[in-house]
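Inside the fold
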Amino acid sequence: MSLFRPLKAIFFGLLWVFSQPASAAYILNMTRGVTEISRGMHQLHMTIFWVCVAIGIVVFGVMLYAIIWHRKSRGATAAHFHENTWVEIAWTVIPFAILIMMAVPATQLLMKMNDTKTDSQLSIKITGHQWYWEYEYLGEGLRFNSRITTPDEQIQNRDIKNPHYLREVDNVLVVPEKKKIRFLTTANDVIHSWWVPALGIKRDAIPGFINEAWAIIDEPGIYRGQCAELCGALHGFMPIVVEVKSAADYETWLKAQKAPATQ
Amino acid sequence: MRIPQKKLIFLLCGATVVMFGFSFALVPLYTVFCKVTGLNGKVDIDGPISLSRYRSEKPDTTLRRVTVEFDTNRNQQINCEFTPNHTALQVVPGELTHTSYHIKNLSPKKMTVQAIPSISPGIVAKHFQKLECFCFSQQTLEPGQALDLPLRFWLETELPNDVHRLTLSYTLFDVTNTKENDT
Amino acid sequence: MTSVAMNIAEHEHHTGPAKGLTRWLFTTNHKDIGTLYLWFSLTMFLIGGAMAMCIRAELFKPGLQFFEPGFFNQLTTLHGLIMIFGAVMPGFVGLANWMIPIMVGAPDMALPRMNNWSFWLLPFAFSILLSTLFMKGPAPDFGWTAYAPLSTTYGPKSTDFFIFSIHLMGLSSIMGAINIIATILNLRAPTMTFMKMPIFVWTWLITAFLLIAIMPVLAGVVTMMLMDRNFGTSFFNAAGGGDPVMYQHIFWFFGHPEVYVMILPSFGIMSEIIPTFSRKKLFGYSSMVYATSSIALLSFLVWAHHMFTTGIPVVAEVYFMLATMLIAVPTGVKVFNWVATMFRGSLTFEAPMLFATAFVVLFTIGGFSGLMLAMVPADYQYHDTYFVVAHFHYVLVPGAIFGIIAATYYWLPKWTGHYFSPILSKIHFWLSAISLNVLFFPMHFLGLAGMPRRIPDYALEFADFNRIASIGGFVFGASQILFLYIVIKTVRGGEPAPAKVWEGAHGLEWTLSSPPPYHSFSTPPQVD
């Protein structure tokens, strides 16, 4: 039974799949996001991906050749080699060199992610609770909870699911664009993790400890994420919604929040 | 290479016991590692740095200022108020800074609490020295009692130059009913 | 017990194995114990698989259809524990028990009575674990990784039973590992030097050392959990000066070498099967040995790549990234060696070779996603998403599970004396190989699109690939029932198999009859 046809089908199938423009239904790839860091992550991801594809084509290509041409049913007789020092050295050293080349951009991006040289302009403390998020704007006296608002009827399949099913909250986190924001994470009970792919931020929220991540967001808009660390029964029901406004709109919003006393 | 059976079994069982002990040894090893490297932003709560060590600290002669943000958390939302009296201060590395926290027991029962500090960015932790901190001991409050808890600290001048801002976060835990309670 | 065992031993010595239940309860024969482990592994694989079917049924569509979210967490937790500790590890131990004494020319394992104990601990341990489903209150529901404080302060009562069960499984693994090392070091035929041993024996020797190093660490960390839960300690509780992240460090110090425990025997199996069906010696025998040893050593130095988002310092992240990437080098060497064995061989594709070929391709794909995960900045987007689920299922299903299945097809005619049905086995292969890709490949896309792990319900943009994955899952699950049928059918009868079952096979096991005598090699064989 020929292995060639199925393998060929899989290979070309994958090639077709990856060349498709992403539609809303079949998302194939990581988001580029709206920060320099998120774009860097996407870039790194694509670089490593293509290196792996290239290595795969070479290795699987040789295998495919053997599967077709070195079959006993084709009359192939076995050769007798079972070692070759130079080849073995080559295929140890060359992968090692490829890895070094991959490590360089990765390390550079990692250093950028940990940059503290520029001061931040806003610090937001994020507390993970079972099962919602709490946001506090440090120094502004503003604090509120952010809970999922998807109706139970939709979750229990008694009603049609709305487009933002499981990714909508009562109070969104509002932040200004183009300012360096420090996101500090902690938790009230168990470990949670705050993840918004478009911002390139995922940080564990650990009870008794504080972690930080920073972002400078290029574009206003609404960006969604959710908890990324198993935290109990409703782990899948703690979404995150971030609304990025222009600096002026953010100031207006902030003033409006602080006008009545907010818990 | 053949090893006498009994000796081999003995060695392998010994290795098993050693690895079990090793896993427990990782606990103090981890603590030491955290203290030395400031990993995880863990800050010492064993006790105050001595005043003489502070006096030997040379103050920063540059005009460098670091913003220290003060943050508070109540684990499991225990029934008390816990807020910093300063939300942020501009601090000179090498100089002693004094601030305080407000805590009030809102419950109808006596409450014993332990404050656990954490610092971000983590690398700052080993440069953050506390002369006096309410986190060194547990605090017991009668129902309705309010306290003003002091914190005196300084940032070592060895603090890396590219750090402009750090956040000191305290989480308050209720230890009234636990074995940690030393009253 | 001792007088009964002595009677049975005398009985065996004179008239063959005991009859009935007593044979299986008290056997000290490595072939019987191997059989027990393998049946246990297959049973647990089907139970864990049934749980997976439940999970995929729930995830077929958005919305909560069948299970409460809390119970879903119990399903994912038990699925992981059962597959790792009940299916994969005992499966490889069963193969080790059956084949290592024969492959080294020994009459049995070094410690036959401890061998019996090592097995029977497992049904006992898993009865305890599975019984948590029937207790009042939830079964363990914190993931197989059991992070604190979810598993300590917030863990259900059944957690203490989970801990006890893990201790028993660990004891079983450690005793098995001691037995394997003693057998390989001391009971080899006199002319079998280390570099003449079959590669399967080498990979198990190395795996056994890994087990002795890591299972006690798992025992230690779950004991710390027990102490935090019941004896007022604060290993992982920040209130008492402890650290939840320390749990992760200690757990993954066990956990990372553990995944190599689950794959190294599979590497060994592939290194036996591929030369046989290529009719060509394994390419690079010594580099295979060195590569396996380097992988084992390196596996202790990379644990924190499971923890990149916990807030470890950047220096640590760089180190763990580089060390993790390094493992790709010896692993790549092994893949190249398998391909070089096939190249210019004389290939036939009976079931063992089909599974072995699929292993090389699909495990390598799992290796590629592993390399991507190692890149720290990108990992911030992959961590705790379905991208990780895709990665480890690619290395575990076409990796470890195909290893066990391939080995079963390879050695089943030797064990039973009957060939299995070639057509049925090929159907099993194609159904499994295709459906597992339909099941797991879309999970890469789901992770990249933003779907986290361990959730029973998801946003609408994840619906299409989840539906496809579930369909693949149902077909894959059904195909394994076919495997069960094939195994039972072959045990009961089939075309008689000669001693040398496969044309290209070499090694001591092919010098014995099929099935081999109850006691083989009472005198050590000559090995050239």
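Residues numbered from 1 in each chain as written. Chains lettered and ligands numbered in written order. Predicted model: local features only at pLDDT ≥ 70, side-chain atom pairs only at ≥ 80, totals over all residues. Heavy atoms only, no water.

Attention now goes to the overall build of chain A. Summing up its helical and strand segments, chain A has five helices and 10 strands in all. Looking at chain A as a whole, 50% of its 263 residues are labelled buried. Put simply, of all contacts in chain A between residues at least 6 apart along the chain, 63% involve residues at least 24 apart. Here chain A displays about 12100 Å² of accessible surface, and carbon together with sulfur accounts for 62% of that area. (Helix = DSSP H or I, 4+ residues; strand = E, 2+ residues; numbered from the N terminus. Buried < 20%, exposed > 50% of the residue type's maximum accessible area, 1.4 Å probe, protein only. Contact = heavy atoms within 4.5 Å. Areas by Shrake-Rupley, 256 points an atom, 1.4 Å probe, with all protein chains shown as cover.)

What follows concerns helix 1 (residues 5–37) of chain B. The terminal C-alpha atoms of helix 1 of chain B lie 45 Å apart, and with 33 residues this matches the ideal 48 Å at 1.5 Å per residue to within 8%. The largest bend along helix 1 of chain B measures about 30° and falls at Ala25 of chain B, with the proline Pro28 of chain B one to four residues further on. All of the buried residues along helix 1 of chain B are Leu8, Ile9, Leu12, Thr16, Met19, Ser23, Leu26, Val27, Tyr30 and Cys34 of chain B. On its buried side, helix 1 of chain B packs onto helix 6 (159–186), helix 7 (199–230) and helix 8 (244–261) of chain C. (Expected span 1.5 Å × (residues − 1). Bend = angle between axes of the 7 residues up to and from the residue.)

What follows concerns the pattern of salt bridges. All told, the structure shown has 21 salt bridges over all chains when counted by the stated rule. Residues Glu136 of chain A and Arg143 of chain A are paired through a salt bridge, measuring 3.5 Å at the closest nitrogen-oxygen approach. Relative accessible area serves as the criterion here: at 18%, Glu136 of chain A is assigned to the buried category. Among the salt bridges present, the one from Lys245 of chain A reaches Glu243 of chain A, with a minimum N-O distance of 3.2 Å. One network of salt bridges, in which partners are shared, links Asp119, Arg182 and Glu212 of chain A together with Glu69 and Arg165 of chain B. (Salt bridge = Lys/Arg side-chain N within 4 Å of Asp/Glu carboxyl O.)

With 26 residues of chain B in contact, the opposing surface of chain A contributes 26 residues. Around 1900 Å² of area is buried between chain B and chain A when both sides are counted, 45% of it from carbon and sulfur atoms. Where chain B packs against chain A, one counts three salt bridges. One salt bridge connects Asp119 of chain A with Arg165 of chain B, and the closest N-O pair in it is separated by 2.9 Å. Here chain B and chain A share 16 residue pairs in polar contact (both at pLDDT 80 or more) between them. No other element matches the six residues that strand 9 (residues 165–174) of chain B contributes to the side of chain B that touches chain A. A class-by-class count of the residues in the side of chain B that touches chain A yields seven nonpolar, 13 polar and six charged. (Buried area = accessible area lost by both parts, 1.4 Å probe. Polar contact = N/O pair within 3.5 Å; in protein donor to acceptor, adjacent residues only side chain to side chain. Nonpolar A, V, L, I, M, F, W, Y, C, P; charged D, E, K, R; others polar.)

As a further point, take the interface of chain A and chain C. Taken together, the 93 residues of chain A in the interface contact 98 residues of chain C. The residue Arg167 of chain A makes a salt bridge to Glu461 of chain C at a minimum N-O spacing of 3.8 Å. Secondary-structure elements contributing two or more residues to the side of chain A that touches chain C are helix 1 (4–19), helix 2 (36–69), helix 3 (85–113) and strand 7 (201–205) of chain A. Looking at which element gives the most residues to the side of chain A that touches chain C, the answer is helix 2 of chain A, with 15 residues. Among the residues making up the side of chain A that touches chain C, the classes are represented as 58 nonpolar, 24 polar and 11 charged.

Excluding glycine, residues mostly have negative phi values, and the peptide bonds linking residues are mostly trans. Across the junction of Gln130 of chain A and Trp131 of chain A, the peptide omega takes the value 0°, indicating a cis bond. Its place among the elements puts Trp131 of chain A in the loop between strand 1 (122–129) and strand 2 (132–137). Each neighbour pair has its own omega, and for Ala148 of chain C with Pro149 of chain C the value is -5°, a cis peptide bond. On the secondary structure map, Pro149 of chain C appears in the loop between helix 5 (112–131) and helix 6. Unlike most non-glycine residues, Leu166 of chain A shows phi in positive territory, near 65°.

Residue and element names in this part refer to chain B. Mapped onto the secondary structure, Gln139 falls in strand 7 (residues 139–141). Polar contacts involving the side chain of Gln139 include one to the main-chain carbonyl oxygen of Phe134, which spans 3.0 Å. Those residues within four positions of Gln139 in sequence are excluded, and the remaining contacts are Met111, Thr112, Val113, Phe134, Leu147 and Leu149.

Moving on: the sheet that holds strand 5 (residues 111–120) of chain B. Residue and element names in this part refer to chain B. What the five strands build is an open sheet, ordered 3-1-9-5-7; its pairing is mixed. Both edges of this open sheet fall to strand 3 (88–91) and strand 7, since each of them pairs with a single strand only. Across this sheet, the average inter-strand angle for adjacent strands is 30°, counted without regard to direction. Judged from the four bridges that link them, strand 1 (residues 66–74) and strand 3 form a sheet pairing that is antiparallel. What sits directly across from Val66, in strand 3, is Val91. (Pairing = 2+ DSSP bridges. Axes fitted to C-alpha atoms, helices over the stretch in contact; angles between N-to-C directions.)

With that out of the way, let us pick up helix 10 (residues 285–298) of chain C. An ideal rise of 1.5 Å per residue puts 20 Å on 14 residues; helix 10 of chain C measures up with 20 Å between its terminal C-alpha atoms. Inspection of helix 10 of chain C places Ser287, Met288, Val289, Ala291, Thr292, Ile295, Ala296 and Leu298 of chain C among the buried residues, and these make up the whole buried set. The inward-facing, buried residues of helix 10 of chain C abut helix 3 of chain A together with helix 7, helix 8, helix 9 (264–278), helix 11 (314–326) and helix 12 (328–342) of chain C.

Time to look at the state of the cysteines. Applying the stated criterion across every chain, the model contains one disulfide over all chains. Between the sulfur atoms of Cys133 of chain B and its disulfide partner Cys135 of chain B the distance amounts to 2.4 Å. For the disulfide bridge between Cys133 of chain B and Cys135 of chain B, the dihedral angle about the S-S bond is near 130°, and by the sign convention the bridge is right-handed. Residue Cys135 of chain B is classed as buried on the basis of its relative accessible area of 1%. In this structure Cys227 of chain A is a free cysteine whose sulfur lies 3.9 Å from that of Cys231 of chain A, the closest cysteine sulfur available. (Disulfide = S-S within 2.5 Å.)

It is worth spelling out the sheet that holds strand 8 (residues 211–216) of chain A at this point. Residues and elements named next belong to chain A. Spatially, the five strands line up as an open sheet ordered 3-2-1-5-8, and their pairing is mixed. Since the sheet does not close on itself, it has two edges, and those belong to strand 3 (142–146) and strand 8, each with one partner. In this sheet, adjacent strand axes meet at a mean angle of 20° when their direction is disregarded. The sheet contact formed by strand 1 and strand 5 (residues 180–187) spans seven bridges and is parallel. Bridge assignment links Thr127 to a residue of strand 5, and that residue is Thr186. Docked against the sheet, helix 5 (residues 247–258) engages strand 1, strand 2 and strand 3, running at close to 90° with respect to strand 3.

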